[in-house]
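Read off the chains here:
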Amino acid sequence: IFGVDLKGMVTEWNRKAADMLGYTKGETMGKNFIQNFIQPENQDSVARILNRAMAGEEAANYELPLLSKSGRRLTVLLNATTRRDAKGSVIGVVGVGQDITEINELT
């Protein structure tokens, strides 16, 4: 699970994300999610997904390519959900994903 604000900066980073990617919560908070954790060739498409989620159009089962701290390329099946404050205003996106790297490597 990760979260980003309207500027794309990381605001949430759970233990599973830390274990999978090798970055601690402290290393990710406040950093630009796309610039720091997405493979360069996929940054535009991921930006579109996050922007659509910020506009209220949630993404389901999007294959999100990630880059671990060690340089390993991972694929996560992502559901991106609009995050709102108590007044209903959009404040960012929460991403919940499942690592499908090994499944993709088998096919």
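Analysis parameters
- Position numbers for residues start from 1 in each chain and track the written sequence from start to end.
- Where totals are concerned, whole chains, interfaces and linings use all residues; where local detail is concerned, this predicted model gives features only for residues with pLDDT of at least 70, and gives and counts side-chain atom pairs only at 80 or more.
- Excluding hydrogens and water, the side-chain figures rest on all heavy atoms present in the structure.
- The working definition used for a salt bridge is a side-chain nitrogen of Lys or Arg within 4 Å of a carboxyl oxygen of Asp or Glu.
- Put simply, DSSP H or I for four residues or longer makes a helix, DSSP E for two residues or longer makes a strand, and each gets a number counted from the N terminus.
- Throughout this description, the term nonpolar core refers to a set of buried Ala, Val, Leu, Ile, Met, Phe, Trp, Tyr and Cys residues connected via side-chain atoms within 4.5 Å.
- Here the term buried applies to any residue with accessible area under 20% of the maximum for its type, exposed to any over 50%, and partly exposed to those in between, with areas from a 1.4 Å probe on protein chains only.
- By definition in these notes, contact holds between two residues if any of their heavy atoms fall within 4.5 Å.
- In protein, a polar contact means a hydrogen-donor-capable atom and an acceptor-capable atom, both N or O and within 3.5 Å, with residues adjacent in sequence counting only if both atoms are side-chain atoms; elsewhere, any N or O pair within 3.5 Å suffices.
- Pairing between strands is defined by DSSP: at least two bridges between the two strands are required.

A.B. asks: Is there a simple way to explain the pattern of salt bridges in this structure?
C.D. replies: Opposite charge on two side chains makes pairing possible when the charged atoms of those side chains draw close. One pass over the structure, following the stated rule, counts 5 salt bridges. One salt bridge in this structure joins Glu41 and Arg73, with 2.6 Å as the shortest N-O distance. On the criterion of sequence distance, the pair formed by Glu41 in the loop between helix H3 (33-37) and helix H4 (43-54) and Arg73 in strand S4 (residues 73-84) is long-range, its members being 32 residues apart.

A.B. asks: So what exactly am I meant to see when it comes to the nonpolar core here?
C.D. replies: Across soluble globular proteins, nonpolar side chains have a tendency to be buried as a group. Residues Trp13, Phe33, Leu64 and Leu66 are the most contacted members of the largest nonpolar core, which totals 26 residues. Secondary-structure elements contributing two or more residues to this core are strand S1 (2-5), strand S2 (10-13), helix H1 (15-21), H3, H4, strand S3 (59-67) and S4. Those residues in contact with Phe33 that lie beyond four places of it in its chain are Phe2, Val4, Gly8, Val10, Trp13, Ile38, Leu50, Leu64 and Leu66.

A.B. asks: Quick question: what am I supposed to make of the side chain of Thr101 here?
C.D. replies: Note that Thr101 resides in helix H5 (residues 101-106). A polar side-chain atom of Thr101 sits 2.6 Å from a polar atom in the side chain of Asp99. Filtering out sequence-adjacent residues up to four positions away, Thr101 remains in contact with Arg72, Arg73, Leu74 and Thr75.

A.B. asks: Sorry, what's going on with unusual backbone geometry here?
C.D. replies: Excluding glycine, residues mostly carry a negative phi; peptide bonds, for their part, are mostly trans. The phi dihedral of Asn61 is positive, around 55°, even though this residue is not glycine. Along the chain, Asn61 falls in strand S3.

A.B. asks: Before we go on, may I ask you to explain the pairing of S1 in this structure?
C.D. replies: As a general feature of sheets, a regular strand has side chains that alternate between the two faces. Sheet topology note: the S1/S2 ladder contains 3 bridges and is antiparallel. Note on S2: the bridge partner recorded for Gly3 is Glu12. Hairpin connection between S1 and S2: a loop of 4 residues separates the two successive antiparallel strands, and Gly8 in this loop has a positive phi of roughly 85°. One ladder, built from 4 bridges, connects S1 with strand S5 (residues 90-99); its direction is antiparallel.

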